[in-house]
Amino acid sequence: MTRVAGIDIAKGSWLVVYLEDGRFEAAHVVESLARADIEAELVAIDVPLDLPQTTIGRKAEVEARRRLGDRRSSVFSSLPAELYSADYTESTRKAAHRRFGTSFSKQAWNLRSAIWDAAAAKTPSWYETHPELAYAEIHGRPLESKKRWSGIKQRLDCLATVGVDLPVIDGNLNPDDAVDAAVCAHVAWRIATGAAAHVPETGPGPYIWF
């Protein structure tokens, strides 16, 4: 028996979905990963686990956007740790542009609490993933927006095709929180079974797995 977990942000908390031998086993909302006991042999999480040092963004994110085409905006550029530690101000953004040749968005900076929490909890068995890449791999092409019912239905259908029957999950969740955490868990299962791929395809990491 192999138990894996997929984790995604869910309204300021985290949704952890567990699969047992690739099938849905359980799901829990936790406030902090660092204080939670994630009982899984392997974890795939939708948050950067390795930050760049001398650039804004990583090769993995560039490659992920290339694969996603019209859905490329769902991939944020990760920032050097020093920018997450700084306040989000116009002067900070201008200084970053002078130093790194590009600036950064508020959405990317807002991930800092999640990134710090994941960094405090991660082990060598934790892998970074991205739900849109995972669904594109299952479907054969990027899906519609998850903010529309048609996009949610596509994602539920994709999960069904890989044997993940997602039930109603209790908690303060949006529908896209649940389907994203579930496909992260499926990626963890793919990694555990040697079926997963990653970007960049070659060369040193960090990688985003799918």
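That block above? That's the structure.
Remember, it's a predicted structure, so these values are computed and weren't measured experimentally. (Residues numbered from 1 in each chain as written. Predicted model: local features only at pLDDT ≥ 70, side-chain atom pairs only at ≥ 80, totals over all residues. Heavy atoms only, no water.)

## A short note on helix H1 (residues 59–68)
- Along H1, the residues classified as buried are Ala 60, Glu 61, Glu 63, Ala 64 and Leu 68. Here the buried residues of H1 occupy an arc of 160° about the axis, which is enough to place them on one side. Seen from the buried face of H1, the exposed residues on the opposite side, beyond 90 degrees, are Lys 59 and Arg 66.
- Against the buried residues of H1 lie helix H6 (131–139), strand E6 (198–199) and strand E7 (208–209).
- Backbone geometry just downstream of H1 places Gly 69 in the positive-phi region, at approximately 55°. (Buried < 20%, exposed > 50% of the residue type's maximum accessible area, 1.4 Å probe, protein only. Helix = DSSP H or I, 4+ residues; strand = E, 2+ residues; numbered from the N terminus. Arc of directions from axis to C-beta. Contact = heavy atoms within 4.5 Å.)

## Focus on the environment of Pro 142
- Within the fold, Pro 142 resides in the loop between H6 and helix H7 (149–161).
- Between the alpha carbons of Pro 142 and Gly 69 there is a distance of 7.7 Å; along the sequence they are 73 residues apart.
- With residues near it in sequence (within four places) discarded, Pro 142 still touches Arg 67, Leu 68, Arg 71 and Ala 136.

## So, the side chain of Asp 177
- Following the sequence through the fold, Asp 177 ends up in helix H8 (residues 175–192).
- The buried charged residue Asp 177 lacks any salt bridge partner; its closest oppositely charged side chain belongs to Lys 11, at an N-O distance of 6.1 Å.
- When near neighbours in sequence (up to four residues on either side) are disregarded, Asp 177 contacts Ile 9, Ala 10, Lys 11 and Leu 15. (Lys, Arg positive; Asp, Glu negative; His and termini not counted. Salt bridge = Lys/Arg side-chain N within 4 Å of Asp/Glu carboxyl O.)

## Let's talk about the packing of H6 against H7
- Relative to each other, H6 and H7 sit at 65°, their axes nearing to 10 Å. When the axes of H6 and H7 are compared, the crossing they make is left-handed. Facing H6, whose interface residues are Glu 132, Tyr 135, Ile 138 and His 139, H7 presents Gln 154, Arg 155, Cys 158, Leu 159 and Thr 161.
- Split by residue class, the contact of H6 with H7 holds 4 nonpolar, 3 polar and 2 charged. (Axes fitted to C-alpha atoms, helices over the stretch in contact; angles between N-to-C directions. Left-handed = near helix turned anticlockwise from the far one by under 90°. Nonpolar A, V, L, I, M, F, W, Y, C, P; charged D, E, K, R; others polar.)

## Regarding the layout of surface pockets
- Quantified by volume, the largest pocket comes out at close to 780 Å³.
- Residue lining of the largest pocket: 35 residues in total, with Asp 8, Asp 46, Phe 76, Leu 111 and Lys 146 positioned closest to the centre.
- Its residues assigned to classes, the lining of the largest pocket comprises 11 nonpolar, 9 polar and 15 charged. (1 Å grid on protein atoms, 1.4 Å probe; cavity = no way out; pocket = protein on both sides within 12 Å on 5 of 7 lines; lining within 4 Å. Points joined across faces, edges and corners; volume = space filled by probe spheres on them.)

## What to know about the pattern of salt bridges
- Applying the stated criterion across every chain, the model contains 15 salt bridges.
- Here Arg 66 and Glu 63 are joined by a salt bridge, their closest N and O atoms 2.8 Å apart. Placement of both Arg 66 and Glu 63 in helix H1 is noted, with a separation of 3 residues, approximately one turn of the helix.
- Arg 66 gets classed as exposed once you look at its relative accessible area, which sits at 54%.
- One salt bridge connects Asp 157 with Lys 153, and the closest N-O pair in it is separated by 2.8 Å. You can see Asp 157 and its partner Lys 153 sitting in helix H7, 4 residues apart, about one turn around the helix.

## Description of the environment of Trp 209
- Relative to the elements of secondary structure, Trp 209 occurs in strand E7.
- For the pair Trp 209 and Thr 129, spaced 80 residues apart in sequence, the C-alpha to C-alpha distance is 4.7 Å.
- With residues near it in sequence (within four places) discarded, Trp 209 still touches Tyr 127, Glu 128, Thr 129, His 130, Val 187, Ile 191, Ala 196, Ala 197 and His 198.

## Details of H7
- Between the first and last C-alpha of H7 there are 18 Å, a value that for 13 residues agrees with the 18 Å anticipated at 1.5 Å per step.
- Two residues or fewer past H7, Gly 163 is found with a positive phi of approximately 85°. (Expected span 1.5 Å × (residues − 1).)

## Things to note about the packing of aromatic side chains
- One pass over the full model with this rule turns up 4 aromatic pairs.
- Between Tyr 88 and Phe 104, the aromatic rings sit 5.8 Å apart at their centres with planes inclined by 75°, giving edge-to-face as the arrangement. One end of the pair, Tyr 88, is in the loop between helix H2 (81–85) and helix H3 (90–100); the other, Phe 104, is in the loop between H3 and helix H4 (106–109), with 16 residues separating them in the sequence.
- Residues Tyr 127 and Trp 209 carry aromatic rings whose centres are separated by 5.5 Å and whose planes lie at 85° to one another, so their mutual orientation is edge-to-face. Placement of Tyr 127 in strand E5 (residues 126–128) and of Trp 209 in strand E7 is noted, with a sequence separation of 82 residues between them.
- Classification of Tyr 127 as partly exposed rests on a relative accessible area of 24%.
- Here the aromatic cluster, defined as three or more aromatic residues joined through ring pairs, consists of Tyr 88, Phe 104 and Trp 109.
- The cationic tip of Arg 155 hangs over the ring face of Tyr 135; the distance from NZ or CZ to the ring centre is 5.6 Å. (Phe/Tyr/Trp six-rings, centres within 6.5 Å; stacked < 30°, edge-to-face > 60°. Lys NZ or Arg CZ within 6 Å of the ring centre and 35° of its normal.)

Just geometry here; none of it tells us what the structure is for.
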